[in-house]
Structures are given as structure tokens and as C-alpha cells.
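The primary structure of each chain is shown beneath.
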Amino acid sequence: MKQKLLIDADVILYRFSFANENRIEFDPGDELYNLDPASAKSDADAFIDELRDKLKIEDYLLCFSDDQNFRKTIFPAYKANRRKNRKPQLIKPLKRYLRSNHPFRLIRKLEADDVIGILATRHPGRYVICSIDKDFLQIPGEFYNWNNGEFRRISEAEADYWHKIQTLIGDTVDNYKGCPNIGPVKAHRALEDDDSWDTVFSLFESKGLDYDYFLTQARMARILRDSDYNAKKNEVILWTPPNDTE
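Summary of the structure given here. Here the structure is a predicted model, which is why all the values come from computation and not from measurement.

### Thoughts on the overall build of the protein
- If you tally the helices and strands in the protein, you get nine helices and 10 strands.
- Computed over its C-alpha atoms, the radius of gyration of the protein comes to 19 Å, within 12% of the 18 Å expected for a compact globule of 246 residues.
- A principal-axis box enclosing the C-alpha atoms of the protein has dimensions of 55 × 55 × 35 Å.
- Within the protein, the fraction of its 246 residues that count as buried is 45%.
- Restricting the contact set of the protein to residue pairs at least 6 apart, pairs at least 24 apart contribute 68%.
- Between the mean site of the 38 positive side-chain charges and the mean site of the 42 negative ones, the protein shows a separation of 4 Å.

### Brief notes about the packing of helix α6 (residues 156-169) against helix α9 (residues 211-221)
- Here α6 crosses α9 at 120 degrees, and the two axes come no closer than 8 Å. What the angle tells us is that α6 and α9 run oblique. Seen along the crossing, α6 lies across α9 with a hand that is right-handed. Here His-163, Gln-166 and Thr-167 of α6 come into contact with α9, specifically with Phe-214, Gln-217, Ala-218 and Ala-221.
- Classifying every residue of the contact of α6 with α9 gives three nonpolar, four polar and no charged.

### Topic: the sheet that holds strand β5 (residues 104-105)
- Taken together, six strands build an open sheet; the order of strands is β5-β4-β1-β6-β7-β8 and the sheet is mixed. Pairing within the sheet leaves two strands with one partner each, and these edge strands are β5 and β8 (150-154).
- Contacts from helix α1 (residues 9-19) reach β1 (4-8), β4 (60-63) and β6 (127-131) within the one sheet, and its direction differs from that of β1 by about 50 degrees.

### Observations concerning a positive patch on the surface
- Taken together, Lys-72, Arg-83, Lys-87, Lys-92 and Arg-96 make up a surface patch of like positive charges.
- Along the chain, Lys-92 turns up in helix α4 (residues 91-101).
- Using a relative accessible area of 62% as the deciding quantity, one classes Lys-92 as exposed.

### Let's talk about the state of the cysteines
- Per the counting criterion, the structure on display carries zero disulfides.
- With no disulfide of its own, Cys-63 lies 10.0 Å from the sulfur of Cys-130, the closest cysteine sulfur.

### Let's talk about α1
- When α1 is considered as a whole, its buried residues turn out to be Ala-9, Val-11, Ile-12, Leu-13, Phe-16 and Ser-17.
- A side-chain oxygen of the first residue of α1 lies 3.3 Å from the backbone nitrogen of Asp-10; this N-cap is Asp-8.

### Quick notes on the pairing of β6
- Along β6, five of the five residues are buried, which leaves the element largely enclosed by surrounding structure.
- Here β6 shows no split at all, with Tyr-127, Ile-129 and Ser-131 on one side and Val-128 and Cys-130 on the other all buried.
- Here β6 pairs with strand β7 (residues 141-145) via four bridges, running parallel. Among the inter-strand pairings, Ile-129 is bridged to a residue of β7, identified as Phe-143.

### Here we look at a negative patch on the surface
- There is a patch of like negative charges on the surface, built from Glu-192, Asp-193, Asp-194, Asp-195 and Asp-198.
- If you trace the backbone, Asp-195 turns up in the loop between α7 (184-190) and α8 (197-206).

### Thoughts on unusual backbone geometry
- Positive phi outside glycine occurs at Lys-79, with the angle close to 60 degrees.
- Positioned with a positive phi, Lys-109 is a non-glycine residue whose angle comes to about 70 degrees.
- Residue placement: Lys-109 occurs in the loop between β5 and α5 (112-122).
- When its relative accessible area of 34% is taken as the criterion, Lys-109 is described as partly exposed.

About the cut-offs
Residues numbered from 1 in each chain as written. Predicted model: local features only at pLDDT ≥ 70, side-chain atom pairs only at ≥ 80, totals over all residues. Heavy atoms only, no water. Helix = DSSP H or I, 4+ residues; strand = E, 2+ residues; numbered from the N terminus. Rg over C-alpha atoms; globule rule 2.2 N^0.38 Å. Buried < 20%, exposed > 50% of the residue type's maximum accessible area, 1.4 Å probe, protein only. Contact = heavy atoms within 4.5 Å. Lys, Arg positive; Asp, Glu negative; His and termini not counted. Charge placed at Lys NZ, Arg CZ, Asp CG, Glu CD. Axes fitted to C-alpha atoms, helices over the stretch in contact; angles between N-to-C directions. Parallel < 35°, antiparallel > 145°, perpendicular 65-115°, else oblique. Left-handed = near helix turned anticlockwise from the far one by under 90°. Nonpolar A, V, L, I, M, F, W, Y, C, P; charged D, E, K, R; others polar. Pairing = 2+ DSSP bridges. Patch = residues over 30% accessible without salt bridge, like charges linked within 9 Å, V, L, I, M, F, W, Y side chains within 5 Å. Areas by Shrake-Rupley, 256 points an atom, 1.4 Å probe, with all protein chains shown as cover. Salt bridge = Lys/Arg side-chain N within 4 Å of Asp/Glu carboxyl O. Disulfide = S-S within 2.5 Å. Polar contact = N/O pair within 3.5 Å; in protein donor to acceptor, adjacent residues only side chain to side chain.

Quick look at the structure:
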């Protein structure tokens, strides 16, 4: 089977947009940005070509996030902490350029992570995921992290395990908290003997948190797979634990 790269385009957008704008500060609070859109475009093009050459795979798709996000309908505070963050001014023109000059995929109300997760699990073995995002440890298949040069093959059991870990530890960047006072070390230790969803839920219960809170955290953490999306209706199938723990 001829393989294809699924490239996390959101990371590329931010990386090369920020890299090609220089802040000029005249006085505190009085600043301008010197923008170089031509360099942003050529840098992004070169990076994509470098990925294809390094992995010896010609075919690829850039995967983008939609402006709307289904998670916010479940948990309105999702990523609310980012509203005050300044976005690079080149992000919109660079996005238009990439979408006009490269094959890409975007699905309404989904993030790039979800688009990648759905495609990768719809056609096992066909795609190699390319990103720096640790959340892709939740997706069975092949994952290349271009930051550290690590290539991993992730089994379904490993992917399920990492979903549980992410549910417990949460993600402060995305503004969902997980289980209070549970960091990565405690999360792995808690699942050493029994890594079932019953164990995960019991940790939330031990903190006085109910099933609905636990389920919301798990749904925020979940990177969608093909089984989580109805392509005919363009609808997300909200995740529930196997043999529901409620």
C-alpha cells in the first residue's frame, strides 16, 4: 500500500507565521510588526518538502482546524484561556496560501488533530501522522514527531492507554483540568495494576467528582477516531467508555 503523510498544518501555520514577523517597539505599548509573508510561504513549503524527503513519502495532506469547535458545545471553557493570546498576523494569509497550493483536508467543527485521527484510523496502515503533539499517542498507527525525530508505531491498546492518561492529567493549555492533583507520574502509577476505565473513574470519585465531570474530561481529551465520527451525517459520535462505567 502506498503511504501518505498526514501533516498537522496548525503547527506549521503558527511556527512560520511567528518566525517571519519581527516586533518593533518604539515605547512600552507602542509597537509595530515587520512582516515577511514571502519568507513565511517559502519556509513552510521547504519544511513540507523536507518532511516528504526525510520520510521518503511523496503523497501528503495538510490537515487544518475549522474555526468552529465541537468541544466548546460540550465544555464552553475549552481553550477559553487562549482568547487573550495574540495570534501572529501572518496566520491568515499563510493559511490561504497553503490551502491554495497544497492538498489539504478540513472537516467542519473539528480540529486538525481530529481530522488526522479519523483518517488514520479509517485506513489503518495507509497514513503516517506528522506532528509534534503528544496527543497523537492516542491514535493507533504510525506517528513521526519532527521535533525529536522519533518514529513510533502505536498499537490500539497503547492508544487507549494514552487516552486514559490524558483524561487523568488534563491539559492546562486547552483549559480542561483532568483529575485534581494527578500528574503524569501519579497517573501512570495508578494504572499499573489495572488500566481499566473503572480505575480511571474511581480516581475522579475519590476526589468527590461525579460521572458527568469525568466523562466531560474524557471527551475533551479524546482525539477522534473513525468510530467517533458519522461521515454521512457530518456528526461527532460522543465517546463513552466501553461497558459504560456509570
